[in-house]
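Summary of structural features
Next come the chains, spelled out residue by residue.
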Amino acid sequence: MTQLIDTVAWVHLRDGHILGARSQGKDVFYIPGGKRAPGESDLETLVREVREELTVTVDPMTARHVGTYTAAAHGHPEGTLVRMACYTGDYRGTLTASSEIEEIAWLAFADRARTAPVDHAVFDELARDGRLR
């Protein structure tokens, strides 16, 4: 039986690189974000998760849907999929690793293999569009 993990992520680009976050004890980077709480909208999840992980506030009025991607969930049993709704958006504050986040980094397309499988489709699309170096 297939299990689906429903997530929302923040695609934040700067100088041809995408912001990645690595949680404590994990071996790959993820596009920052996380699981939706029951009853939360995409934007509510986005704002809450980014604030918890990176101590900044995404402005929901500037959020734009980039795409929704599905792939095998990294580190979960076979048959577990993750669906990730991705958004861009302006923010206020200073990016700082917080909560379970051990490290943040600006990733290039060459770093694709250092990310979770669901992130690969985002990396590929951004590279095709010339937005990720």
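Before reading on, note that the structure itself is shown above.
Nothing here was measured: the structure is a model prediction, and the numbers come from that model. (Residues numbered from 1 in each chain as written. Predicted model: local features only at pLDDT ≥ 70, side-chain atom pairs only at ≥ 80, totals over all residues. Heavy atoms only, no water.)

Observations concerning helix H1 (residues 42-54)
Here H1 spans 18 Å end to end across 13 residues, near enough to the 18 Å set by a 1.5 Å rise per residue. Inspection of H1 places Asp42, Thr45, Leu46, Val47, Arg48, Glu49, Val50, Glu53 and Leu54 among the buried residues, and these make up the whole buried set. Close packing links the buried residues of H1 with strand E1 (3-10), strand E3 (17-23), strand E4 (33-35), strand E5 (57-58), strand E7 (80-88) and strand E9 (101-107). Threonine 55 sits one or two residues past H1 and shows a positive phi near 60°. (Helix = DSSP H or I, 4+ residues; strand = E, 2+ residues; numbered from the N terminus. Expected span 1.5 Å × (residues − 1). Buried < 20%, exposed > 50% of the residue type's maximum accessible area, 1.4 Å probe, protein only. Contact = heavy atoms within 4.5 Å.)

Brief notes about the sheet that holds strand E6 (residues 64-72)
If you walk across this open sheet you meet the 4 strands as E4-E1-E7-E6, and the pairing is mixed. A single partner strand is all that each edge strand has here, and the edge strands are E4 and E6. The average undirected angle you get between the axes of adjacent strands in this sheet is 20°. Examined bridge by bridge, E1 and E7 share 8 bridges and lie parallel to one another. Bridged to valine 8 within E7 is alanine 85. Lying over the sheet, helix H2 (residues 117-128) contacts E6 and E7, oriented at roughly 135° with respect to E6. (Pairing = 2+ DSSP bridges. Axes fitted to C-alpha atoms, helices over the stretch in contact; angles between N-to-C directions.)

Section: H2
For H2, spanning 12 residues, the distance from its first C-alpha to its last is 17 Å, which sits close to the expected 16 Å at 1.5 Å a residue. Taken together, the buried positions of H2 are Val118, Asp119, His120, Val122, Phe123 and Leu126. Looking at the packing, one finds that the buried side of H2 touches strand E2 (13-14), E3, E6, E7 and E9. One or two steps after H2, the chain reaches glycine 130, where phi turns positive at roughly 75°.

Quick word on the packing of aromatic side chains
Tallied over the entire structure, the rule returns 1 aromatic pair. The interplanar angle of 80° and the centroid separation of 5.4 Å between the aromatic rings of tryptophan 10 and tyrosine 91 together place this pair among those described as edge-to-face. Of this pair, tryptophan 10 sits in strand E1 while tyrosine 91 is found in strand E8 (residues 91-92), placing the two residues 81 residues apart along the sequence. According to the relative accessible area criterion, tyrosine 91 is partly exposed, its value standing at 29%. (Phe/Tyr/Trp six-rings, centres within 6.5 Å; stacked < 30°, edge-to-face > 60°.)

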